[in-house]
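# Survey of secondary and tertiary structure
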Amino acid sequence: MIVEYIIDAFVIILVLLGLFFLFTATVGLLRFPDFYCKLQATGKGDTLGAILILLGVILYNLHDFSLNNFLVCLKILFIIIFIFHANPVATHAITKAGLDADVKPLTKEDIRK
Amino acid sequence: MIRLIEDLHIQFVCRIMVPLIQFFALYVIAHGHYSPGGGFQGGCILGASFILMMIAYDIEYVKKRFPEKFNTFMVAFGVFLYAAIGALCLILGAEYLNYGILHKILPADPVKVRALGTLGIEIGVGITVSAVMLSIFLNLSTFGKHEKSEV
């Protein structure tokens, strides 16, 4: 019984942390001044937020342990690995495309104006 | 004109990801009876994996392994598979696409044969959808010339 409460506490902490990172990523996307700044905010925040929320889902699924639940957890783990690889590289590709299309990064002179 | 982007990170991760994506596409096709998915969705994922490879590397690089002639053949082959299974049921004396009748030629009971017939149809749909997606992408990126592209 007490174990379930501990698991629940960890689930709540993980999901709240994930929501916090997703929230900061969205704020960064809206508030940062520059193309590259916006990209790095979403690239990092979205990845970490999604991974933390999915980890919380895995822990929640382990409440009653059976083979079916374990397989579901394994599938979610694969999704985590996929996001962990694909999301930063997609951000990198967009940044590279922006550089090749001559999008100028923000400089100190732009801020002083 | 779009410049060629060759990047180590993108190519390396695509090299790891593409087999996993194709494996997942086959899973979606084969598991379509019990979970969301089916021939069309799996075919879309399979075609998207080829398109990802073309974007990360080069169109020529993929064409060497998967020639365009073969791709166009696959477009027709998937439809042929669909129509052939349907017509086989017609020949054996049932309605078009009534797979239950296939138990006359396959060593299984009608219920299992019905599931097997559905799987055959889904595979045909998947082959056609993936090949058509690839064909559309090739035609768009080479401006319909079927030659060496500039991308």
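What counts and what doesn't
- Residues numbered from 1 in each chain as written.
- Chains lettered and ligands numbered in written order.
- Predicted model: local features only at pLDDT ≥ 70, side-chain atom pairs only at ≥ 80, totals over all residues.
- Heavy atoms only, no water.
- Patch = residues over 30% accessible without salt bridge, like charges linked within 9 Å, V, L, I, M, F, W, Y side chains within 5 Å.
- Areas by Shrake-Rupley, 256 points an atom, 1.4 Å probe, with all protein chains shown as cover.
- Salt bridge = Lys/Arg side-chain N within 4 Å of Asp/Glu carboxyl O.
- Helix = DSSP H or I, 4+ residues; strand = E, 2+ residues; numbered from the N terminus.
- Buried < 20%, exposed > 50% of the residue type's maximum accessible area, 1.4 Å probe, protein only.
- Contact = heavy atoms within 4.5 Å.
- Buried area = accessible area lost by both parts, 1.4 Å probe.
- Polar contact = N/O pair within 3.5 Å; in protein donor to acceptor, adjacent residues only side chain to side chain.
- Nonpolar A, V, L, I, M, F, W, Y, C, P; charged D, E, K, R; others polar.

The next subject is a nonpolar patch on the surface. All names here are of chain A. Together, Phe 65, Leu 67, Phe 70, Leu 71, Leu 74, Leu 77, Phe 78 and Ile 81 make up an exposed nonpolar region whose accessible area comes to about 800 Å². Within the secondary structure, Leu 71 is located in helix 3 (residues 67-100). Overall, the relative accessible area of 38% leaves Leu 71 in the partly exposed class.

Quick look at the interface of chain A and chain B now. The interface of chain A with chain B comprises eight residues on the first partner and 10 residues on the second. Of the roughly 870 Å² buried between chain A and chain B, counting both surfaces, carbon and sulfur atoms make up 71%. Linking chain A to chain B there are one salt bridge. The residue Asp 7 of chain B makes a salt bridge to Lys 96 of chain A at a minimum N-O spacing of 3.3 Å. Our count for the contact surface shared by chain A and chain B stands at three residue pairs in polar contact (both at pLDDT 80 or more). Residue classes in the side of chain A that touches chain B are distributed as three nonpolar, two polar and three charged.

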